[in-house]
Amino acid sequence: MGLFTKIDRHADLMNRMATTVHADLDEAIIRADLSAQELRNAIFTCIGCEGVCDCESWLEAHADGADETPAYCRNSALLQRLQKPL
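The rules behind the values
- Residues numbered from 1 in each chain as written.
- Predicted model: local features only at pLDDT ≥ 70, side-chain atom pairs only at ≥ 80, totals over all residues.
- Heavy atoms only, no water.
- Axes fitted to C-alpha atoms, helices over the stretch in contact; angles between N-to-C directions.
- Helix = DSSP H or I, 4+ residues; strand = E, 2+ residues; numbered from the N terminus.
- Left-handed = near helix turned anticlockwise from the far one by under 90°.
- Contact = heavy atoms within 4.5 Å.
- Nonpolar A, V, L, I, M, F, W, Y, C, P; charged D, E, K, R; others polar.
- Buried < 20%, exposed > 50% of the residue type's maximum accessible area, 1.4 Å probe, protein only.
- Polar contact = N/O pair within 3.5 Å; in protein donor to acceptor, adjacent residues only side chain to side chain.
- Parallel < 35°, antiparallel > 145°, perpendicular 65-115°, else oblique.
- Arc of directions from axis to C-beta.

Colleague: Before we go on, may I ask you to explain the packing of helix 1 (residues 3–20) against helix 4 (residues 52–61) in this structure?
Modeller: Each pair of packed helices gets described by two things: the angle between the helix axes and the distance between those axes. Running from N to C, helix 1 and helix 4 point in directions that differ by 35 degrees, and their axes come no closer than 11 Å. Crossing handedness for the pair helix 1 and helix 4: left-handed. On helix 4, the residues touching Arg-9, His-10, Leu-13, Arg-16, Met-17 and Thr-20 of helix 1 are Val-52, Cys-55, Glu-56, Trp-58, Leu-59 and Glu-60. When grouped by side-chain class, the residues that make up the contact of helix 1 with helix 4 number 6 nonpolar, 2 polar and 4 charged.

The following block contains the structure:
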């Protein structure tokens, strides 16, 4: 898999995970709660994860949303910080 394909795949996973746990990445950037550098770092953190298939399965199983990420998510703390109160 090429680098740009890998980046795109993990950017999509990050966005899906954020949406699932009610963290709006776009809004967080606009509000300056998340910098572009932090988002890039999070995507590269995601790329380093060995649990991509588990993540995809978890996201499918939680299509209606979840209160928190799975325990193995390397971006759990960031996403928790950005969660909108329900």
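Colleague: How do you make sense of the side chain of His-10 when you look at a structure like this?
Modeller: For His-10, the location among the structural elements is in helix 1. Under the relative-accessibility criterion, His-10 is labelled buried at 3%. At a separation of 3.2 Å, a polar atom in the side chain of His-10 contacts the main-chain carbonyl oxygen of Cys-46. Contacts of His-10, omitting those with residues within four sequence positions, involve Ile-43, Cys-46, Ile-47 and Val-52.

Colleague: Any chance you could explain the packing of helix 1 against helix 3 (residues 36–47) here in plain terms?
Modeller: Between helix 1 and helix 3, the shortest axis-to-axis distance is 9 Å and the interhelical angle comes to 105 degrees. When the axes of helix 1 and helix 3 are compared, the pair comes out roughly perpendicular. Contacts between helix 1 and helix 3 involve Lys-6, Ile-7, His-10, Ala-11, Leu-13 and Met-14 from the former and Ala-42, Ile-43, Phe-44, Cys-46 and Ile-47 from the latter. Across the contact of helix 1 with helix 3, the residue classes tally to 9 nonpolar, 1 polar and 1 charged.

Colleague: Mind showing me how you'd approach helix 4 here?
Modeller: A turn of α-helix holds 3.6 residues, and therefore any two residues three or four places apart point the same way. Along helix 4, the positions that sit buried rather than exposed are Val-52, Cys-55, Trp-58 and Leu-59. Across the axial projection of helix 4, the buried residues extend over an arc of 120 degrees, all falling on one side. Every exposed residue of helix 4 that faces more than 90 degrees away from the buried side is listed here: Cys-53, Glu-60 and Ala-61. The secondary structure elements touched by the buried residues of helix 4 are helix 1.

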